[in-house]
Amino acid sequence: MILQKMVFTTPMEGTQALCFQGEKADVDGKILVIEKGGKVQLNTFYNLFSMKKWVKYTKAKSVNPVVEYSGKCRIDVYEFRYNDGKIRQKKVYTETLENDIKEVCRLKELELKEDAVLGLEIVALEDTRIYSGYYETQSSIESRDVELGICICTFKREEFVERNMKAMTEGILENPEALSYGCVRIIISDNAQSLETEKIENERITIVKNRNLGGVGGFTRAMLEHLHSKNEITHFLLMDDDATIDPEAVERTYRFLTVLKPEYYEYLMGGSLMRKDSSLIQYERGAVWNNGQLLINGCDMDLGITDHAIMSEWEESSDYAAWCYCCIPREHILKNGLPLPIFIHMDDAEYGLRAEGKFMFLNGVCVWHDAYGCKMPGTMEYYDVRNPAIVNAIHRPDYTAKDFKIFLLKQVSRNVGKYRYQYIDMNLRAAVDFLRGFEWFYHLDTLKLQGELSKYNYQMEEAEKYLGYKGIEESDFDWYGVKVKEDPRWMKVLKALTVNGYFLPAKKQKIKVSRPDPPVFELFRYKEVLYVDANRKALHVKRSFWQFIGAYVKVFKVCRLIDKRYAKVCKEYREKYYLLTEEKFWNDYLGL
């Protein structure tokens, strides 16, 4: 049985280091070509074999590396361990291969180890071509039937959806050599009702038209369609419409699930979220809820560095996996119900908390997506206050009114420090809306609310409009990867005492060009800030002392309301939230 295929290319440019590293080597189509004297390492994010996870979660007990090659090469097989912050490697064995014609060579069988990952190094003694490779087990394993139901929610992302569905069709749906061939079906919930079905649909891809009820509305609609289809879907794989999907991730997910030990049947499987703007960088691999102040696992880890790829196989606890890539077993849905109708943001975190830490991640299972700090938040400033409040009310009974007031104060202070005063009104409205209670939320007209929030939002402009304004140059827009020098202690104290310079004169004739989500202290004493996002859309804001004062007057009033209503509202949510997870509610909400 093939457990994991080796891959030498991905759908993203600039990702060779995730597949192989070395010298005198390149890819011809999908073939790895190594010149005489060249050396290639395959202990990479895609091509290492995580013995420790396969032996922990699955029935596999042994593995054989297999390569299809021609030429003459030496293959060194290594075990890698990570202890006390250090990577240690051990050469297990070496084999020399030689054949002028294409040959499949099965290397020695290895018993899976609980504390190691496996990697190969290939040294070309003559010109060598590696046509394919994989890790297999020759031992008899009882596998189970798995049917993956992929759920995609989209809103006016035709280009992304068409590209991803083409990749899935060619890579799996119409590819008899795929491990998951015949076992994957896709439902796309079209919230804009704008997709051209004739370009996308086939026997295994279905588009359903849906009201624009946010990401969670689209995902839940797709889940319901799969639940009631004649196909016995066993797992629901949620993926974002604008993520770049690699069919290999679906292949690995499928095979892993087919050989799971029964005690892990209820576990959810997440994927690494890689950055589109820097394709070797992992932005997230699960996270801890931390009462809404998320602690992101593996953030900004360069998986093109082999040590990082190895380290990432040592697990960290997670409360959720982002719905950019999250595979949910049918058992979990039947036991815990459907998601909450919170439109967007924190829907995946809330649903993940119901899993009580039952998450798995595996190397090579990933998608590429815009990192969240690359865009202006917009109406997320509302949902990122209201939704954590709802989640904490349900899942964190020890989270107090005082905690909520501190959280709200921090959110408002960030926007005060960034001169984004309109966002403050969204923060405060979110808190007030939460305090309206469960019944208000149950009967909420989400589409009407979304329209009302638009009046608090900023209108973005083209960044090029500001070239030359107070000395702004093209290079100022390239903010990713710029390292900010850490302040000395005295400067940190000064910034804190002066509320980041609000009580000091502004810097004259200077404007700060910044990414959308900078640390507030980067903006010390600037009178103007130009925020530029990954799409080169810009927002120009100015410091205002009177709006600074007005913001905290408003916060004080809302905090008095929190003291009066918080405990009662939280009790309502804890006792009644299950009503929002029932199919009856969702059928009415979606207008089915």
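Up top you'll find the structure we're talking about.
Computed from a predicted structure; not experimentally measured.

## Description of the overall build of the protein
Looking only at helices and strands, one finds 17 helices and 26 strands in the protein. Scaling as 2.2 N^0.38, a compact globule of 592 residues should have a C-alpha radius of gyration of about 25 Å, and the protein matches this with 26 Å. Summarising its shape, the C-alpha atoms of the protein cover approximately 80 × 55 × 50 Å along the three principal directions. Within the protein, buried positions represent 55% of all 592 residues. Long-range contacts, defined as pairs at least 24 residues apart, comprise 76% of the intrachain contacts of the protein with a sequence gap of at least 6. As displayed, the protein has an accessible area near 25700 Å², and 48% of this comes from carbon and sulfur atoms. In the protein, the 85 positive side-chain charges and the 88 negative ones have mean positions that sit 8 Å from each other.

## Here's the deal with the sheet that holds strand β22 (residues 366-369)
As summarised here, the arrangement of the five strands in space is β13-β22-β15-β16-β19, forming an open sheet in which the pairing is mixed. The open sheet terminates on both sides in strands that have one partner only, identified here as β13 (244-245) and β19 (301-302). Here strand β15 (residues 272-275) runs beside β22; their pairing, made up of four bridges, is parallel. Looking at β22, one finds that leucine 273 is bridged to valine 367.

## Section: the packing of helix α10 (residues 380-395) against helix α11 (residues 401-417)
At a closest axis distance of 11 Å, the pairing of α10 and α11 adopts a crossing angle of 170°. By the criterion of interaxial angle, the relationship of α10 to α11 is roughly antiparallel. Facing Glu381, Asp384, Val385, Pro388 and Ala389 of α10, the residues of α11 in contact are Phe404, Phe407, Leu408, Gln411 and Asn415. Of the residues contributing to the contact of α10 with α11, the split by class is six nonpolar, two polar and two charged.

## Examining the pattern of salt bridges
Here the structure, examined in full by the defined rule, presents 42 salt bridges. As a salt-bridge pair, arginine 81 and aspartate 115 come within 3.1 Å of each other at their nearest N and O atoms. Within this pair, whereas arginine 81 is found in strand β4 (residues 62-83), its partner aspartate 115 is found in the loop between β6 (110-111) and β7 (117-124), the two being separated by 34 residues in sequence. Since its relative accessible area comes to 17%, arginine 81 is described here as buried. Between aspartate 242 and arginine 157 there is a salt bridge, with the nearest N and O atoms lying 3.0 Å from each other.

## Description of the pairing of strand β3 (residues 31-41)
As defined by bridge partners, strand β2 (residues 21-28) adjoins β3 across seven bridges and the pair is classed as antiparallel. Note on β3: the bridge partner recorded for glutamate 23 is lysine 39. Hairpin geometry of β2 and β3 is characterised by an intervening segment of two residues between the two adjacent antiparallel strands and by a positive phi of about 70° at glycine 29. Bridge count for β3 against strand β8 (residues 128-136) is three bridges, and the pairing is antiparallel. Residue pairing for β8: valine 33 is matched across the bridge by arginine 129. The sheet contact formed by β3 and β7 spans three bridges and is antiparallel. Within β7, the position partnered with glutamine 41 by the bridge is glutamate 121.

## Considerations on the nonpolar core
Counting residues in hydrophobic clusters, the biggest one holds 186 residues, and the most contacted among them are Ile186, Ile188, Phe404 and Phe434. Top element by residues in this core is helix α16 (residues 545-576). It accounts for ten residues. In terms of nonpolar packing, the next biggest core, distinct from the first, is built from nine residues, Ile472, Phe477, Ile511 and Val513 among them.

## Let's talk about a positive patch on the surface
Residues Arg560, Lys564, Arg565 and Lys568 make up a contiguous surface patch of positive charge. Topologically, arginine 565 is positioned in helix α16. With a relative accessible area of 38%, arginine 565 lands in the partly exposed category.

## Considering the state of the cysteines
All chains considered together, the criterion is met by zero disulfides. With no disulfide of its own, cysteine 73 lies 8.3 Å from the sulfur of cysteine 105, the closest cysteine sulfur.

## Some details on the packing of aromatic side chains
Aromatic ring pairs are described here by two measures, namely the spacing of the ring centres and the angle between the planes. One pass over the full model with this rule turns up 34 aromatic pairs. A centroid spacing of 5.7 Å and a plane angle of 40° characterise the contact between phenylalanine 545 and phenylalanine 548, whose relative ring orientation is tilted. Of this pair, phenylalanine 545 and phenylalanine 548 both sit in helix α16, three residues apart, roughly one helical turn. Residue classification places phenylalanine 548 among the buried positions, given a relative accessible area of 5%.

## Remarks on the pairing of strand β12 (residues 235-240)
With six of six residues buried, β12 is to be regarded as a mostly interior element. Side chains His235, Leu237 and Met239 of β12 all project onto a buried face; the interleaved residues Phe236, Leu238 and Asp240 project onto the opposite face, where all are buried too. Where strand β9 (residues 148-154) meets β12, six bridges bridge the pair, whose relative direction is parallel. Residue isoleucine 150 lies in a different strand from β12, and its bridge partner there is leucine 237. Of the pairings in the sheet, the one linking β12 to strand β20 (residues 325-329) comprises five bridges and is antiparallel in character. Considered in β20, the bridge of histidine 235 is made with proline 329.

Procedures and definitions
Throughout, residues of each chain are indexed from 1 in the direction in which the sequence is written. It should be noted that, the model being predicted, local features are given only for residues of pLDDT at least 70 and side-chain atom pairs only at 80 or more, the latter also being counted only at that level, while totals for whole chains, interfaces and linings use all residues. Note that the side-chain values use all heavy atoms of the structure and ignore hydrogens as well as water. By definition, any uninterrupted DSSP run of H or I lasting at least four residues is a helix, any uninterrupted run of E lasting at least two residues is a strand, and each is numbered from the N terminus. The globule rule used here is 2.2 Å times the number of residues to the 0.38 power, and the radius of gyration it is set against is calculated over C-alpha atoms. Note on classification: 1.4 Å probe, protein chains only; a residue is buried when its accessible area is under 20% of the maximum for its type, exposed when over 50%, partly exposed between these limits. By the convention used here, residues are in contact when the closest approach between their heavy atoms is within 4.5 Å. Throughout, the Shrake-Rupley method with a 1.4 Å probe supplies accessible areas, and for residues the shown protein chains are the sole cover considered. Counted as positive: Lys and Arg. Counted as negative: Asp and Glu. His and the chain ends are not counted at all. The atom standing in for a charge is NZ when the residue is Lys, CZ when it is Arg, CG when it is Asp and CD when it is Glu. Each pair of strands is called paired provided DSSP finds at least two bridges between the two strands. Axis definition: a line fitted to C-alpha atoms, limited for helices to the stretch in contact. Angles are taken between N-to-C directions and run from 0 to 180 degrees. Angles are sorted into four bins: roughly parallel if under 35 degrees, roughly antiparallel if over 145, roughly perpendicular if 65 to 115, and oblique for all others. Under the grouping applied here, Gly and all other residues not named as nonpolar or charged are polar, the nonpolar ones being Ala, Val, Leu, Ile, Met, Phe, Trp, Tyr, Cys and Pro and the charged ones Asp, Glu, Lys and Arg. Put simply, a salt bridge is a Lys or Arg side-chain nitrogen that is within 4 Å of an Asp or Glu carboxyl oxygen. Side-chain atoms within 4.5 Å link the members of a nonpolar core, which is a set of buried Ala, Val, Leu, Ile, Met, Phe, Trp, Tyr and Cys residues. Surface patches are defined over residues having more than 30% relative accessible area and no salt bridge, joining like charges when they lie within 9 Å and nonpolar side chains (Val, Leu, Ile, Met, Phe, Trp, Tyr) when within 5 Å. Any pair of cysteine sulfurs within 2.5 Å is marked as a disulfide. Aromatic contacts are taken between Phe, Tyr and Trp rings whose centres are within 6.5 Å, Trp giving its six-membered ring; a plane angle under 30 degrees counts as stacked, one over 60 as edge-to-face, and the others as tilted.

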